[in-house]
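# Structure at a glance
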Amino acid sequence: MSKSVKLGPSLEFATITLAKKHFDPFRTEGVLNQDVTQARFDQLKLLYERYCAITHFPVPSAVTGFFPTMEKRSAGYPRCLGVRFADGTSTTFSLDEALSAIASAR
């Protein structure tokens, strides 16, 4: 049986693939290092906070922004998602890892 991704009443996906198809443009579209729209922010905030809760990842302070960015990885510089916090810090996170963690949590 496929693993579903449920983030709220209006954000439920039957499979990880469908969730990735929905969220991937948030990462691949838009100007690098500029915040996503409010509608995308709201959805990414649900995703990120759920992911952090499941993985027990500490969030330094309130999330204030999400933005497409690039990060050095072994395969080069792929686009990923950045997250900015109220304390002025920022980091990146993997959309694939977040969706898989949420889908696997039961």
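Counting restarts for each chain: residues are numbered from 1 in the order of the written sequence. Two thresholds apply to this predicted model, a pLDDT of at least 70 for residue-level local features and 80 or more for giving and counting side-chain atom pairs, whereas whole-chain, interface and lining totals are computed over all residues. Working from all heavy atoms in the structure, the side-chain values ignore hydrogens and water.

### Description of the sheet that holds strand β5 (residues 90–93)
Two strands qualify as a pair provided DSSP detects at least 2 bridges between them. Where helices and strands are cited, they refer to DSSP runs of H or I of at least four residues and of E of at least two residues respectively, numbered from the N terminus. Strand order across the open sheet formed by three strands is β3-β4-β5, with antiparallel pairing between neighbours. The sheet terminates laterally at β3 (63–70) and β5, the two strands that pair on one side only. Mean inter-strand twist for the sheet, computed between neighbouring axes without regard to direction, equals 30 degrees. Here β3 pairs with strand β4 (residues 79–85) via seven bridges, running antiparallel. Opposite Pro68, over in β4, you have Leu81 as the bridge partner. With respect to the sheet, helix α1 (residues 16–28) is in contact with β3 and β4, its orientation differing from that of β4 by roughly 80 degrees. Across the sheet, helix α2 (residues 38–55) touches β3, β4 and β5, and the angle it forms with β3 is around 95 degrees. The angle between two axes is taken between their N-to-C directions and runs from 0 to 180 degrees, where each axis is a line fitted to C-alpha atoms and a helix contributes only its stretch in contact. Contacts were defined at the residue level, with two residues in contact if any of their heavy atoms lie within 4.5 Å.

### Topic: the environment of Ala103
With respect to the helices and strands, Ala103 occurs in helix α3 (residues 95–104). Only protein chains enter the area calculation, which uses a 1.4 Å probe; residues under 20% of their type maximum are buried, those over 50% are exposed, and those in between are partly exposed. Under the relative-accessibility criterion, Ala103 is labelled buried at 2%. Sequence separation of Ala103 and Ile16 is 87 residues, and the distance between their C-alpha atoms is 6.9 Å. When residues no more than four places from it in sequence are discounted, the contact partners of Ala103 are Lys3, Ser4, Val5 and Ile16.

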